Amino acid sequence: DKARSWSKQSAELANIRILDIALDSKEPEIIYVTSNIGVFKTNNAGLAWGKIFDGKRTEDDIVSQEEPDDSVNAENTSIIRRLIINHNNLNHLYLATREGVYQTPNKGLTWSRLPGYGLLDKDIAALAVSKDSILYAATKRGVFRFQDDRWIELSQRVVAQNISSIALDDFGNLYVAALEGLFKK
């Protein structure tokens, strides 16, 4: 119908803030969405959704922080930012959060946090995965590559703050979007 009619998704997603959508390129009925309360997955093109990652911080998490975070309040307790799928291995997902990067090797059944060693800021704004499955992360303070269980900074010569997005093209070029403009490596 040339996009003239739209339908709102089921009750699980009806009244929550959706942050991102990731699609499985081999199994189109599998869709992931990130929200202010967690990550949801459907195996049947949106007929039913199930939560696969809880994105709400508990009161204990907020109280136990080493340094107070003024951005954490009753309305803003979600840690989730973005979700990406490794298109070389569709079982492997990465989740950008305010607490670092989480990964799952099994489409969301189990999650673990990647080591944060080398990151200047654990608040991950965006993620990208290369053709050879190398993971890249962007924070407000830089761009990093995950290698040998640590993060390597790639943005030492980028004169940019508040990096909001990264992308890789088919030639291996890395693009960074920031307040100061678009940068290419």
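Residues numbered from 1 in each chain as written. Predicted model: local features only at pLDDT ≥ 70, side-chain atom pairs only at ≥ 80, totals over all residues. Heavy atoms only, no water.

Let's talk about the overall build of the protein chain
Going by this rule: Helix numbers and strand numbers start at the N terminus; a helix is a DSSP run of H or I with at least 4 residues, a strand a run of E with at least 2. Here the term buried applies to any residue with accessible area under 20% of the maximum for its type, exposed to any over 50%, and partly exposed to those in between, with areas from a 1.4 Å probe on protein chains only. Computed by Shrake-Rupley with a 1.4 Å probe, the accessible areas treat only the displayed protein chains as cover when residues are assessed.
What the protein chain contains, in helices and strands, is two helices and 15 strands. Buried residues in the protein chain amount to 42% of all 185 residues. With the model as given, the accessible surface of the protein chain reaches about 11,100 Å², and the carbon-plus-sulfur share is 48%.

Side note on the pairing of strand S10 (residues 135-139)
Put simply, the rule is: Here, a strand pair is defined by DSSP locating no fewer than two bridges between the strands.
Burial analysis of S10 places five of its five residues in the buried class, which makes it a mostly covered element. Burial of the side chains of S10 extends over both faces: Leu-135, Ala-137 and Thr-139 are buried on one face and Tyr-136 and Ala-138 on the other. By the bridge criterion, five bridges tie strand S9 (residues 124-129) to S10 in an arrangement that is antiparallel. Note that in S10 the partner of Ala-128 across the bridge is Tyr-136. The antiparallel pairing of S9 with S10 creates a hairpin that spans five residues between the two strands, and Ser-133 there sits at a positive phi of about 65 degrees.

Points about the sheet that holds S9
The test is simple: Interaxial angles span 0 to 180 degrees and are taken between N-to-C directions of axes, which are lines fitted to C-alpha atoms, for helices over the stretch in contact.
Here we have four strands laid out as an open sheet, ordered S9-S10-S11-S12, and antiparallel in their pairing. The outermost strands of the open sheet, each flanked by one partner alone, are S9 and strand S12 (150-153). Geometrically, the sheet is characterised by an average inter-axis angle of 30 degrees between neighbouring strands, direction not taken into account.

What to know about the nonpolar core
As a rule of thumb, nonpolar side chains are buried together in soluble globular proteins. Let me state the cut-off plainly: Residues belong to one nonpolar core when they are buried, are Ala, Val, Leu, Ile, Met, Phe, Trp, Tyr or Cys, and are joined through side-chain atoms within 4.5 Å. Contact criterion: two residues are considered in contact whenever any of their non-hydrogen atoms come within 4.5 Å of each other.
Ranked by internal contacts, the top residues of the largest apolar core, which has 15 residues, are Tyr-32, Val-39, Phe-53, Leu-83, Leu-95 and Trp-111. Listed by contribution, the elements that provide at least two residues to this core are strand S4 (50-54), strand S5 (80-85) and strand S6 (93-97). With three residues, the top contributor of residues to this core is S5. If we skip the residues at most four places from it in the chain, Trp-111 touches Ile-52, Phe-53, Leu-83, Leu-93, Leu-95, Tyr-102, Gln-103 and Thr-104.

Re the sheet that holds S6
Where strands meet in a sheet, backbone hydrogen bonds hold them as pairs that are either parallel or antiparallel. Pairing within the open sheet is antiparallel, and its four strands lie in the order S5-S6-S7-S8. In this open sheet, the two strands that pair with only one neighbour each are S5 and strand S8 (112-113). Examined bridge by bridge, S6 and strand S7 (residues 100-104) share five bridges and lie antiparallel to one another. Bridge pairing links Thr-97 to Gly-100 in S7.

So, the environment of Arg-150
Tracing the backbone through its elements, the reader meets Arg-150 in strand S12. Residues contacting Arg-150, with those up to four places away along its chain left out, are Tyr-117 and Arg-145.

What to know about the environment of Gly-116
Following the sequence through the fold, Gly-116 ends up in the loop between S8 and S9. It is 8.0 Å that separates the C-alpha atoms of Gly-116 and Val-101, two residues lying 15 residues apart in sequence. Non-local contacts of Gly-116, meaning those with residues more than four positions away in its chain, are made with Lys-122 and Trp-151.

A few points about the pattern of salt bridges
We count it as follows: Salt-bridge detection follows one rule: a side-chain nitrogen of Lys or Arg within 4 Å of a carboxyl oxygen of Asp or Glu.
Evaluation of the coordinates by the stated rule reveals four salt bridges. Between Glu-27 and Lys-107 there is a salt bridge, and its shortest N-O distance comes to 2.7 Å. With Glu-27 in the loop between strand S1 (18-23) and strand S2 (31-35) and Lys-107 in the loop between S7 and S8, this pair connects stretches of sequence that are 80 residues apart. Take Glu-27: its relative accessible area is 32%, and that puts it in the partly exposed class. Using a relative accessible area of 11% as the deciding quantity, one classes Lys-107 as buried.

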